[in-house]
Amino acid sequence: MVYYCPEKETIVLYFPKPLHKGRANLTINFSGNLTEMSLSGFYKSQTAADPLHQITTTDFGPTDARRHFPCFDEAHFRAVFDMYLIVPRGYQALFNAPSNRRRPYSADSEEVRFESTPPLAPFQLATVVGPKFSVARLNNETTHLSNETSSNKVSISVYSPRKPVQEEEEEEKEEQNQEEEAWHYALDTTEELLTFFRYYFDRPFPLSKLDLVALPNYEQASIEKLGLMIFSDQQLLIANQSTASEEELQSVASTISHALAHQWLGSGLVTFRRWTDFWLFEALATLMEKDSLQSLFPHWRVWERFTGSELRRGLQADASRLTVPLDRLISHPNDILSAVAYSKENAYFKAVSLLRMLRSAIGEEVKDVKLIKRHHFLSSFLSKCFTY
C-alpha cells in the first residue's frame, strides 16, 4: 500500500510482510504532467524563435525532483541513474550523460537512451528536449584534457534553438554561421576553464561530453548540473569578440566559471550532506570562480574588484538588522527556499570573504590542489558537510 503525506512531501510504502535484510528491487509505476505555470520540476519553456515549437527542460533544485519521479530527494542520497526518453521524431534530447542509442519507438516518436550517470543526487539531474537545435562545437573536435597520470576527452557543445526557416537558403546558412560564431567565445572560455579545474582538483571530468544550452527568454537562474548546463542565451552570447567590452567578456567568463566549479563541487567530486550547508555549496563555487578567472585573466583583477564591490555589499548586508546566519536550521522544503533567497549576500559575498580570510591565515598555496592535503583547509569542511 502507498500513503501520500502532502505536508511532508513524502510517500510511505507498506508491504504485506516484513522484508529481508539485503538488496532488493523496487518497481513503481507512476505518471505525471509537464508543468506549464511554474518554472520548476519538468516544465515547458516557449521560445521566441519559434512559438509553435516548445522546449521542455528541468529544474529539480532544491527539492523538485520529487515532482518528476518518486525518489529519495535529499542532497546526501546519490545513485546511478539510467535514463531513456520517448520524444517526437526528429527532436533533440539532452541529459547529464551522453546518449548511446536512438531508435524508432512508434510512427511519430523515437526512444533515446543514455549512458549511466556517475552517482548523483536527484536534484542534480537535468534534461532538455526540443526541436531545431543549432549545435556549435569547439573546432568540431573534442577537447583533450590530460595530466601526467590520466587523460580524458571531453566534447564541448553549445545548443541553441534554431530560428524559423528563411525563404532563401543562402540567407539561412549565413545567419546560422553568424549564430554559431557568437558562441565561439563561450566555447573557448569553457575549454580553458575546464582545463584549469581539471588540474586544480586533480580529478578528471567524469563524463565524455559537456553541453551548454542557451535558451532565449530564459527566466530562471543558470542550471549548473553535471554534464548539462542551461543558461539564458544573453549570458553566453558574444556577437563579436573584437568589439565586445571587457565587462561583457568578463560576465560570460564568470557565468561559465561558476557553473564549471559546480561540476566538481556539488555535482561531480563532492555533494553537501544537508541543505543547511547550501551556503558552503555556493561559496566554494564562487571562490573557485574568482580563483580561476584571476589565474587565466589576471588583467581583469578579479579579486581587487571583489574587494571593492562584493565584499562591501556583504559587509553592508551583514551589518543590517535583517542579517541572517550562514548556518540555518532546515526542517522543511520551504525553509530551503527561504535560505536560498538570502544566499546572494550570504553565500556569494559574506561566505566567500570568510573562506578567503581562513585561507589567508592558513597559507597562500592556493594555486595548488595539494592545499587540500597539506593544510586540510577544504577537507575539514568537506568531511563534515559533504558526501564523497
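Residues numbered from 1 in each chain as written. Predicted model: local features only at pLDDT ≥ 70, side-chain atom pairs only at ≥ 80, totals over all residues. Heavy atoms only, no water.

**Student:** Please clarify how the overall build of the chain should be interpreted in this entry.
**Tutor:** The secondary structure content of the chain amounts to eleven helices and 17 strands. The buried share among the 388 residues of the chain stands at 47%. Summarising the internal contacts of the chain: among those between residues at least 6 apart in sequence, 65% fall at separations of at least 24. (Helix = DSSP H or I, 4+ residues; strand = E, 2+ residues; numbered from the N terminus. Buried < 20%, exposed > 50% of the residue type's maximum accessible area, 1.4 Å probe, protein only. Contact = heavy atoms within 4.5 Å.)

**Student:** Would you explain the pairing of strand 7 (residues 99–106) in this entry?
**Tutor:** Along any regular strand, the residues point their side chains to alternate faces of the sheet. Bridge count for strand 7 against strand 8 (residues 109–114) is six bridges, and the pairing is antiparallel. Its bridge partner lying in strand 8, Arg102 is registered against Val112. Where strand 7 folds back onto strand 8 in an antiparallel hairpin, the turn is made up of two residues. (Pairing = 2+ DSSP bridges.)

**Student:** Any chance you could explain the side chain of Thr58 here in plain terms?
**Tutor:** Counting through the fold element by element, Thr58 comes out in strand 4 (residues 54–59). For Thr58, the side chain forms a polar contact with the main-chain nitrogen of Thr127, separated by 2.9 Å. (Polar contact = N/O pair within 3.5 Å; in protein donor to acceptor, adjacent residues only side chain to side chain.)

**Student:** Looking at this structure, I do not really get the pattern of salt bridges. What am I missing?
**Tutor:** Any two side chains of opposite charge can pair if their charged atoms end up close together. Enumeration over the complete set of coordinates arrives at 15 salt bridges. Close ionic contact of Glu9 with Arg66 constitutes a salt bridge, the shortest N to O distance being 2.9 Å. In this pair, Glu9 sits in the loop between strand 1 (2–5) and strand 2 (10–13) while Arg66 sits in the loop between strand 4 and strand 5 (84–88), placing the two residues 57 residues apart along the sequence. What makes Glu9 partly exposed here is its relative accessible area of 31%. According to the relative accessible area criterion, Arg66 is partly exposed, its value standing at 23%. (Salt bridge = Lys/Arg side-chain N within 4 Å of Asp/Glu carboxyl O.)

**Student:** Got a minute to help me understand the sheet that holds strand 7 in this structure?
**Tutor:** Two orientations exist for strands paired in a sheet by backbone hydrogen bonds: parallel and antiparallel. Sheet architecture is open: three strands sit in the order 5-8-7, paired in antiparallel fashion. Two strands in the sheet have a free side with no partner beyond their single neighbour: strand 5 and strand 7. Taking each pair of neighbouring strands and ignoring which way they run, the sheet shows an average axis angle of 25 degrees. Looking at chain direction, strand 5 and strand 8 are connected through five bridges and run antiparallel. Its bridge partner being in strand 8, Val87 is matched across the sheet by Glu110. (Axes fitted to C-alpha atoms, helices over the stretch in contact; angles between N-to-C directions.)

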